[in-house]
Structures are given as C-alpha cells and as structure tokens.
Amino acid sequence: QVRLVESGGGLVQTGGSLRISCSASGNIGSSTHMGWYRQAPGKQRELVAEYTSTNRPAIYAESVKGRFTMIRDNVRRSVDLLMNILKPEDTAVYYCYYRNGPSPLAQTYWGQGTQVTVSS
C-alpha cells in the first residue's frame, strides 16, 4: 500500500495564489508517476497536472496552463501544485495520486483530497 498525505488547501480570493502539497510513502516502487486531479461539485473528476516519468516535464490541463506550476521531488515522491491567478472555476477538491508503474497491473493510489475554494 501507498499512503498519500495532502495539505495546503484553503480559501483565497479571485486572482490570488495557493500552494498545495502531496507526499507519498509506504510500499513505493521506482515509478515517479504522480499528479493532481480535481473535482468540482456536480462535475467529473478531471486531470489538472501530472508527471508520467522522470524524463518528461509536467503535463497540464489546458484550463490551468500558464497559471499552475507543479514541482516534484522524485526522492521524497512529492508533488506541490503552485496555483496562481486563481479563478472561481478552480474551486474543487484536489486529489493527489500516485501510480506505481506503467503496466496494466500497476495500481493507482489517491490522497484524501484537499479543498480549494476561490471566492468570486
């Protein structure tokens, strides 16, 4: 099992910034595939940003490109998401995930979620 601990959610004004963090621990293999999803009320969970390997840069959802930056530590297996120019549309529960390999047998682990609320 892999444990994911998230922190840093909160309430901010439109145009503000917030940084959320996630660290993985437990029975972790060599995979560095980590990222963030989010889910707003009444909407499907959507990918925000992810690292699929150590050899590639982060991939961002079009809606957050230029505003969000993900920072990783492949030793600690952590991913921080720096969110700038926040909009009310960014309000959601943000979920960190870790995938322990690329094969069909790989498992995906999720954090408990952290609430980000952007006032309009």
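Residues numbered from 1 in each chain as written. Predicted model: local features only at pLDDT ≥ 70, side-chain atom pairs only at ≥ 80, totals over all residues. Heavy atoms only, no water.

Colleague: So what about the environment of M34? Which residues, and what values?
Modeller: Turning to its location among the elements, M34 is positioned in strand 4 (residues 33–39). Note on M34: relative accessible area 3%, which makes it buried. Along the primary structure M34 and T91 are separated by 57 residues, whereas in three dimensions their C-alpha atoms are 21 Å apart. Excluding anything up to four places from it in sequence, M34 contacts L4, C22, A24, E50, Y51, M70, R77, S78, V79, C96, Y97 and Y98. (Helix = DSSP H or I, 4+ residues; strand = E, 2+ residues; numbered from the N terminus. Buried < 20%, exposed > 50% of the residue type's maximum accessible area, 1.4 Å probe, protein only. Contact = heavy atoms within 4.5 Å.)

Colleague: Hey, could you go over the environment of G35 for me, with residue numbers and the actual values?
Modeller: When you line up the elements, G35 lands in strand 4. In this structure G35 comes out as buried when scored by relative accessible area, which is 0%. If near-sequence neighbours (up to four positions away) are discounted, G35 is found in contact with A49, E50, M70, V79, Y95, C96 and Y97.

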